[in-house]
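Architecture and fold: a report
The lines below spell out each chain.
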Amino acid sequence: MERTGRLGTLKGNRLEGIALTTPGTLDEQDRVPFPSKKSQDPTAPAPKNLDPKPIRDRMMDRMRKVDPKQSERYRQRTGE
Amino acid sequence: MEPQRRRDPCNFGTGDILCGIETEFGIIRKDLEISDPVLESMELVRAYRETSFGIWAYDEEDPRADARGGRAERLAQDEEEEAFLQTDIRRGFSFRESKSDRILKNGARFYNDHTHPEYSTPECLTLRDMILFDRAGTEILREAVRLREAVVGQPGILGLYRNNTDFHGHSYGCHENYLLPREMSFSEIVRGITPFLVARIILTGAGKVGQEGEDGIRSDGYQLSQRADFMETLTGVDTMQRRPLVNSRDEPHADRERYRRLHLICGDANMSEWQTAMKMGMTRLVLASLFVHPGKVPDLADPVAAIRSISRSRKGEVAVACEDGRMMTADGILSLYRERVDVVVRSEEDRWVVEEWDRALSDYRADSDRLGDRVDWVAKESLLGWACQEQRVAPGDPWLQSLDLAYHDIDPGEGLFWPLEEEGSMRRLTRPEDVRDACEHPPALGRAPIRSAILSRFGGEVREAGWERIAFSGGVTFDLPPYLETDAGKVRRLLDRIAGMDDPAHLEAIIREMNKEGGFDGANR
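The rules behind these values
Residues numbered from 1 in each chain as written. Chains lettered and ligands numbered in written order. Predicted model: local features only at pLDDT ≥ 70, side-chain atom pairs only at ≥ 80, totals over all residues. Helix = DSSP H or I, 4+ residues; strand = E, 2+ residues; numbered from the N terminus. Buried ≥ 20, exposed ≤ 12 C-beta atoms within 10 Å, placed from the backbone. Contact = placed C-beta atoms within 7 Å. Domains from an automatic or database assignment. Nonpolar A, V, L, I, M, F, W, Y, C, P; charged D, E, K, R; others polar. Axes fitted to C-alpha atoms, helices over the stretch in contact; angles between N-to-C directions. Parallel < 35°, antiparallel > 145°, perpendicular 65-115°, else oblique. Left-handed = near helix turned anticlockwise from the far one by under 90°. Pairing = 2+ DSSP bridges. Core = buried A, V, L, I, M, F, W, Y, C linked by C-beta atoms within 7 Å. pLDDT = per-residue confidence, 0-100.

To continue, consider the overall build of chain B. Along its length, chain B carries 17 helices and 18 strands. Relative to its 525 residues, chain B shows a buried fraction of 54%. Long-range pairs, those at least 24 residues apart, make up 72% of the contacts in chain B between residues at least 6 apart in sequence.

See below:
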């Protein structure tokens, strides 16, 4: 498989200013497609991702601002 | 019809399956008691006019073509659709005006579909592109909101939601598309993939407060999936009523002698990038494994009942009945599929998917709360738990459904998902700078960059364009095969040639000339 980095800017009257880059291709130093986590010990306690107080306080502040009646007013037509 | 000859499966893998996602967004005017979704959706898309090309080739579309054979006389939604069309015509909108189709610079399609703004990613060949261009869609919708609100002169009036329900029985979709070899028969695909689609919601569900569907509407309770309530049959060509787990629409948007497009409408719209990556990644692996090794999988006794049962059970832990009498849990079914896909793991991306698949199943079995940094239904349930603890709300309180809705609000200043991602409580897979690129530029592989380059070079001479064809006003038509085997270097050389062209009539000759080097005949392995 050929590996590529950034593509250059296309030249030409109609393409001026449009850079056809390759946002999806993997750079040489970035072969693992996504950040990955190490395996967890299945007997370890569950991570408390949402437990730290700062994020909980921030989320409660945001949740209190949500209009309780918003879902009752929210009406959509059937889509696909 | 059964396949006549199966191509050599030895080299077939996920990299041969072009894919894409279509997402319909919910839309409201927050400043009005009653919104007009037709007008709002149309005007939102049209606000994006200056940055895109817009004359869509509707004659490519045939939603009544049925992969089970023939063509449906009518769709279940025809009556409702006709009524909506007549209403829109009375308001002065033509069909094209109502659709307001745009082909964006990044190769995506952006339009008003059934009163919902819909963003369809460009066709992607890598999972990384898939996630980038899907995330770019959210950014593009945000920009469209900004432009539309600027026209109205009132910031903050529009609400856009990446979800699948209005909690009153109306659903809208997040559809997945996978381009497969035609020799995979539709019946073979349905049989092979159905148990997987039912079971995958424990890892791909977006979470929902309440219950909808043909068995009634309730505002209490919590379930894993937003779409499970709306699945009513195993297969069918309909998409708005009698929704099927496996849609049989036979509209490949490519040579139908060689390809079929699997159009799945049962999935949720996820906020979590990890879930979108895994939904597409696992499904591509399962499809590739079905092609390479079409062996037996456990048939579910009643797949529609099973997906609802899993979705509505606590943590999705209920066992569902197989035709052979066995009872299986969703994680058990996913484990069987996980073992099957080993034969098609070839790329770094494939390895990432199976490692994450193993880890997610292990975490789910140990304690599903472990998935709270990746899975919407788990994260949302935690937020709702905090709200219930602190505000002492009763089950069925409308605030809980409002919080559910707010989780999917794409506004970074109001949506409940975004602080979780920003603080690192939810994993993010894309880099913001790559997403910005993906808003402006197409993928490097497949036909999307070629379509974009042609539209950029000859936009003024194009009569209409679609996924598989570009028609020029002079009468020339240029077909766009999937270009599955073409590498990025060859695509770049073609783009250079297109940029220097004077006449679109020369496109075919250039492709023929370049094909002497190989790789531009659109052939699959």
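Okay, the overall build of chain A next. The secondary structure content of chain A amounts to two helices and zero strands. Residues counted as buried form 26% of the 80 residues belonging to chain A.

Let us look at the domain arrangement of chain B. Residue and element names in this part refer to chain B. For chain B, the assigned domains read domain 1 (9–432) and domain 2 (446–515). Look at where the C-alpha atoms of domain 1 and domain 2 centre, and you get two points 31 Å apart. Taken together, the 17 residues of domain 1 in the interface contact 20 residues of domain 2. Tallied by class, the residues present in the side of domain 1 that touches domain 2 amount to ten nonpolar, two polar and five charged.

Another aspect to go through is the packing of helix α5 (residues 186–199) of chain B against helix α9 (residues 330–340) of chain B. All names here are of chain B. Viewed as axis vectors pointing N to C, α5 and α9 meet at an angle of 135 degrees, and their least axial separation amounts to 8 Å. Taken as axis vectors, α5 and α9 run oblique relative to one another. Here the hand of the crossing between α5 and α9 comes out left-handed. Between α5 and α9, the contacting residues are P195, F196 and A199 on the first element and A330, I333, L334 and Y337 on the second. Looking at side-chain class alone, the contact of α5 with α9 contains seven nonpolar, no polar and no charged residues.

Next up on the list: the sheet that holds strand β17 (residues 469–472) of chain B. All names here are of chain B. An order of β16-β17-β18 is seen for the three strands of this open sheet, with the pairing classed as antiparallel. Of all the strands in the sheet, the pair left with one neighbour each is β16 (462–465) and β18 (477–479). Pairs of neighbouring strands in the sheet enclose a mean axial angle of 15 degrees, with direction left out of account. In terms of strand pairing, β17 meets β18 through three bridges, oriented antiparallel. In the strand pairing of β18, A471 is matched with T477. Those strands touched by helix α15 (residues 448–458) are β16, β17 and β18, and its axis lies near 155 degrees from that of β16.

Turning next to the environment of R109 of chain B. All names here are of chain B. Relative to the helices and strands, R109 resides in strand β5 (residues 109–113). Placed 78 residues apart in sequence, R109 and D31 show a C-alpha to C-alpha distance of 28 Å. Here R109 is in contact with D101, I103 and S120, once residues within four sequence places are set aside.

This paragraph deals with the environment of A305 of chain B. All names here are of chain B. Within the secondary structure, A305 is located in helix α8 (residues 303–312). The class for A305 is partly exposed, based on 14 C-beta atoms found within 10 Å. Measuring from C-alpha to C-alpha, the distance between A305 and P37 comes to 32 Å, with 268 residues separating the pair along the chain.

Below, the discussion takes up the pairing of strand β13 (residues 259–264) of chain B. All names here are of chain B. Summarising burial for β13: six of the six residues are buried, a large majority. By the alternation rule, side chains of β13 split into Y259, R261 and H263 and R260, L262 and L264, which are all buried. Relative to β13, strand β8 (residues 174–181) runs antiparallel, the two being bridged by six bridges. Paired with L179 across the bridge in β13 is R261.

Okay, the nonpolar core next. I193, V286, L287, I310 and L403 of chain B are the most contacted members of the largest nonpolar core, which totals 142 residues. Among the elements that make up this core, the one with the highest residue count is helix α7 (residues 273–292) of chain B (eleven residues).

As a note on interpretation, predicted positions should not be read in detail where pLDDT is low. Per-residue confidence for chain A averages 58 on the pLDDT scale, and 35% of its residues sit at or above 70. For residues 1–32 of chain A, every residue scores under 50 in pLDDT, and the model assigns this stretch 65 contacts once sequence neighbours within four places are set aside.

In this section: the environment of L44 of chain B. Residues and elements named next belong to chain B. When you line up the elements, L44 lands in helix α1 (residues 37–46). Its 24 C-beta neighbours within 10 Å are what place L44 among the buried residues. With 110 residues separating them along the chain, L44 and Q154 place their C-alpha atoms 14 Å apart. Setting aside anything within four residues of it in sequence, one finds L44 in contact with I27, P117, A144, V145 and R148.

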